[in-house]
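A structural walkthrough
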Amino acid sequence: MGREIDVIRSQLARNHVTVLTGTGRFLDPHTVGVVDEHEREVKVTAEKIIIATGTRPARPDTVEFDDHTVIDSDGILSMREVPESMVVVGAGVIGIEYASMFAALGTKVTVVERRDRMLDFCDLEVVEALKYHLRDLAVTFRFGETVAAVQRRPKGALTLLESGKKIPASTVMYSAGRHGMTGELDLEAAGLTADARGRIQVDKDYRTEVPHIYAVGDVIGFPSLAATSMEQGRIAAHHACDEPLRGIHHLQPIGIYTIPEISFIGRTEDELTQQQVPFEVGVSRYRELARGQIIGDTYGMLKLLVSPETRKLLGVHVFGTGATELLHIGQAVMGCEGTIDYLVDAVFNYPTLAESYKVAALDAMNKIRRVERWEL
Ligand SMILES: Cc1cc2nc3c(=O)[nH]c(=O)nc-3n(C[C@H](O)[C@H](O)[C@H](O)COP(=O)(O)OP(=O)(O)OC[C@H]3O[C@@H](n4cnc5c(N)ncnc54)[C@H](O)[C@@H]3O)c2cc1C
């Protein structure tokens, strides 16, 4: 982290960006007051302003957080030891990422989620594979369950569910959504408002309702990912400075750092079915690739969703080692409007996981040709 901060600080310095450390708030639509650690306020004015204050974990009023036994994702950073057991409340991306990390470290994890499914924006088959994997690491899932109370006890906490179940664990980690960091900004002084979850509304150029003020990143909501937030910032800066601009690309990758990783781009099978878009599926399993066998990944898979009419990629879904890296090959093909013909004809280095694109493309191509033959 130290090195990453040094790199960014030196990039800012090289580009003549002044950094004022402190808490900023609007004094009027063109003035921001920055209060430093000695409570001194510096006033800065600007023609254009970009808000990128991010989010903080949402903390339900009914739960007493103590940053030790009952924590949120920020609290994990100050943990002194790996807990023997943990209840994770909320099976969103962050909850499941931490559930899989602690399970891999040997913690007995129970995940409690109000809904019947988790990660419902991902490919169903991939999520099923992840659940299977996590169960194998002794993770217990409690779907369709709501936490009624968390009671602190000498050795940890007792989580009481509305269904009457009681779960003892050394640590309870809440991962129940995030709240925009707009509380300290005095948005009214700038003529702005935030919604009930602290988020700011923007248009396609990331302009707020006050045209010279932009907002980007997690403070505007979905998808709340680092790479997307950076791109939004770049676009807002270009727009603010009247630089030429093409807008954000419609294809945005999703990366989930569970163990194993999940990554995808484009649409899921469920979405395509709902939208009545016909598709064929091409699958490649890591265990059938030389590289998969070398690294001992027997569960990984790559799935291509392909239009049978145009043979273009409609979605790419990867589960397993290096998924978040591997996905970008599919993103490049999709972004350039490529077809599976390219992947079938291309030669990939051997042995690589990238070969899975050729295998999955051949699988999809064979299925498409079979249908075509039957139609003759
Ligand atoms: C546990 C966790 C894991 C994640 N993992 C991933 C991942 O693997 N990949 C990925 O792409 N994304 C991940 N994300 C999301 C990613 O961190 C965010 O999308 C990204 O940091 C958003 O950038 P941002 O600039 O909008 O906000 P932030 O990075 O939150 O930065 C906002 C900054 O503004 C400061 N600030 C707030 N209010 C004020 C104020 N009034 N005055 C001055 N400063 C202020 C804050 O202190 C903070 O430094 C993760 C998030 C969490 C919580």
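So, here's what we can say about the structure. (Residues numbered from 1 in each chain as written. Predicted model: local features only at pLDDT ≥ 70, side-chain atom pairs only at ≥ 80, totals over all residues. Heavy atoms only, no water.)

1. Here's the deal with the overall build of the protein
A count of helices and strands for the protein gives nine helices and 20 strands. Referenced to the eigenvectors of the C-alpha coordinate spread, the extents of the protein come out at roughly 75 × 60 × 40 Å. By the burial criterion, 43% of the 376 residues in the protein qualify as buried. Summed over its atoms, the accessible surface of the protein is roughly 21,000 Å², and 51% of this surface lies on carbon and sulfur atoms. Placing the 41 positive and 53 negative side-chain charges of the protein at their respective mean positions leaves the two points 4 Å apart. (Helix = DSSP H or I, 4+ residues; strand = E, 2+ residues; numbered from the N terminus. Buried < 20%, exposed > 50% of the residue type's maximum accessible area, 1.4 Å probe, protein only. Areas by Shrake-Rupley, 256 points an atom, 1.4 Å probe, with all protein chains shown as cover. Lys, Arg positive; Asp, Glu negative; His and termini not counted. Charge placed at Lys NZ, Arg CZ, Asp CG, Glu CD.)

2. Some thoughts on the packing of aromatic side chains
Applying the stated criterion to the full structure yields five aromatic pairs. Ring geometry for tyrosine 98 and phenylalanine 102: centres 6.4 Å apart, planes at 45°, overall tilted. Within this pair, tyrosine 98 and its partner phenylalanine 102 are both found in helix H2 (residues 93-104), separated by four residues, close to a single helical turn. Residue class for phenylalanine 102 comes out buried when judged on its relative accessible area of 6%. Seen from their ring centres, tyrosine 299 and phenylalanine 319 are 6.3 Å apart, and the 65° between their planes marks the pair as edge-to-face. One end of the pair, tyrosine 299, is in the loop between helix H6 (290-295) and strand E19 (301-306); the other, phenylalanine 319, is in strand E20 (residues 313-319), and 20 residues separate them in sequence. Since its relative accessible area comes to 32%, tyrosine 299 is described here as partly exposed. (Phe/Tyr/Trp six-rings, centres within 6.5 Å; stacked < 30°, edge-to-face > 60°.)

3. As for the pattern of salt bridges
Taken as a whole and judged by the stated rule, the model has 23 salt bridges. The salt bridge involving lysine 312 is made with glutamate 337; its shortest N-O contact spans 3.0 Å. On the criterion of sequence distance, the pair formed by lysine 312 in the loop between E19 and E20 and glutamate 337 in the loop between helix H7 (323-335) and helix H8 (340-345) is long-range, its members being 25 residues apart. In the salt-bridge network here, residues are joined through shared partners; they are Asp123, Glu125, Glu269, Arg285 and Lys303. (Salt bridge = Lys/Arg side-chain N within 4 Å of Asp/Glu carboxyl O.)

4. Concerning the pairing of strand E3 (residues 41-45)
Bridge analysis of strand E2 (residues 31-35) against E3 gives five bridges, and the strand direction is antiparallel. Within E3, the position partnered with valine 35 by the bridge is glutamate 41. Between the antiparallel neighbours E2 and E3 lie five residues, among them glutamate 39 with a positive phi of about 65°. (Pairing = 2+ DSSP bridges.)

5. Comments concerning the site of the ligand
In the vicinity of the ligand there are 18 residues, among which Gly24, Asp218, Leu225, Ala226 and Tyr257 approach most closely. Glycine 24 has a polar backbone atom sitting 2.8 Å from a nitrogen atom of the ligand. Contacts to the ligand include leucine 225, whose backbone N or O atom sits 3.3 Å from an oxygen atom. Protein contact buries 61% of the 1,000 Å² of open area that the ligand shows by itself. Going through the elements one at a time, strand E1 (23-28), H2 and helix H4 (226-240) are the ones with two or more residues in the shell around the ligand. (Near = heavy atom within 4 Å. Polar contact = N/O pair within 3.5 Å; in protein donor to acceptor, adjacent residues only side chain to side chain.)

6. A short note on the sheet that holds E1
In space, the three strands of this open sheet follow the order E1-E2-E3, with antiparallel pairing throughout. If you trace the sheet from one side to the other, it starts and ends with E1 and E3, each paired once. Taken over all neighbouring pairs, the strand axes of this sheet differ in orientation by 30° on average, direction set aside. (Axes fitted to C-alpha atoms, helices over the stretch in contact; angles between N-to-C directions.)

7. Focus on H7
What sets the pattern is the α-helix's 3.6 residues per turn: residues three or four places apart point alike. In this model H7 runs 18 Å from its N-terminal to its C-terminal C-alpha over 13 residues, within 8% of the 18 Å that 1.5 Å per residue would give. Looking at the buried residues of H7, the elements they touch are strand E16 (254-256), strand E17 (262-266), E19, E20, H8 and helix H9 (355-375). At the exit of H7 stands glutamate 337, carrying a positive phi of roughly 60°. (Expected span 1.5 Å × (residues − 1). Contact = heavy atoms within 4.5 Å.)

8. Remarks on the sheet that holds E19
Read from one edge of the open sheet, five strands run E16-E17-E20-E19-E18, paired in antiparallel fashion. Edge positions in the sheet fall to E16 and strand E18 (280-285), since each of these pairs with one other strand and no more. Averaged over neighbouring strand pairs, the angle between their axes works out to 10° when direction is ignored. Against the sheet, H7 makes contact with E16, E17, E19 and E20, and its axis sits at roughly 170° relative to E20, the strand it touches most.

9. As for the side chain of serine 73
Secondary-structure assignment places serine 73 in the loop between strand E6 (70-72) and strand E7 (85-89). Judged by relative accessible area, serine 73 falls into the buried class, the value being 11%. Apart from the residues within four sequence positions on either side, serine 73 is in contact with Pro57, Ile94, Tyr98, Met173, Tyr174 and Arg178.

10. Focus: unusual backbone geometry
With an omega of 5°, the peptide bond running from phenylalanine 222 to proline 223 counts as cis. If you trace the backbone, proline 223 turns up in the loop between strand E15 (213-215) and H4. Of the consecutive residues tyrosine 350 and proline 351, the connecting peptide bond is found in the cis state with omega at -5°. Phi is positive for histidine 16, which is not a glycine, with a value near 60°. Examined against the element boundaries, histidine 16 turns out to sit in the loop between helix H1 (2-14) and E1. Exposure remark for histidine 16: the relative accessible area of 74% places this residue in the exposed category.

11. Describing the pairing of strand E11 (residues 156-161)
Of all the six residues making up E11, six are buried; the element is thus mostly covered by neighbouring parts of the structure. Adjacent in sequence and paired antiparallel, strand E10 (residues 147-153) and E11 are bridged by two residues. Summarising the sheet, E11 and strand E12 (residues 166-169) pair through four bridges and their orientation is antiparallel. From the neighbouring strand, threonine 159 faces E12, where its bridge partner is isoleucine 167. The hairpin formed by E11 and E12 contains four residues between the paired strands, and glycine 164 there has a positive phi angle of roughly 100°.

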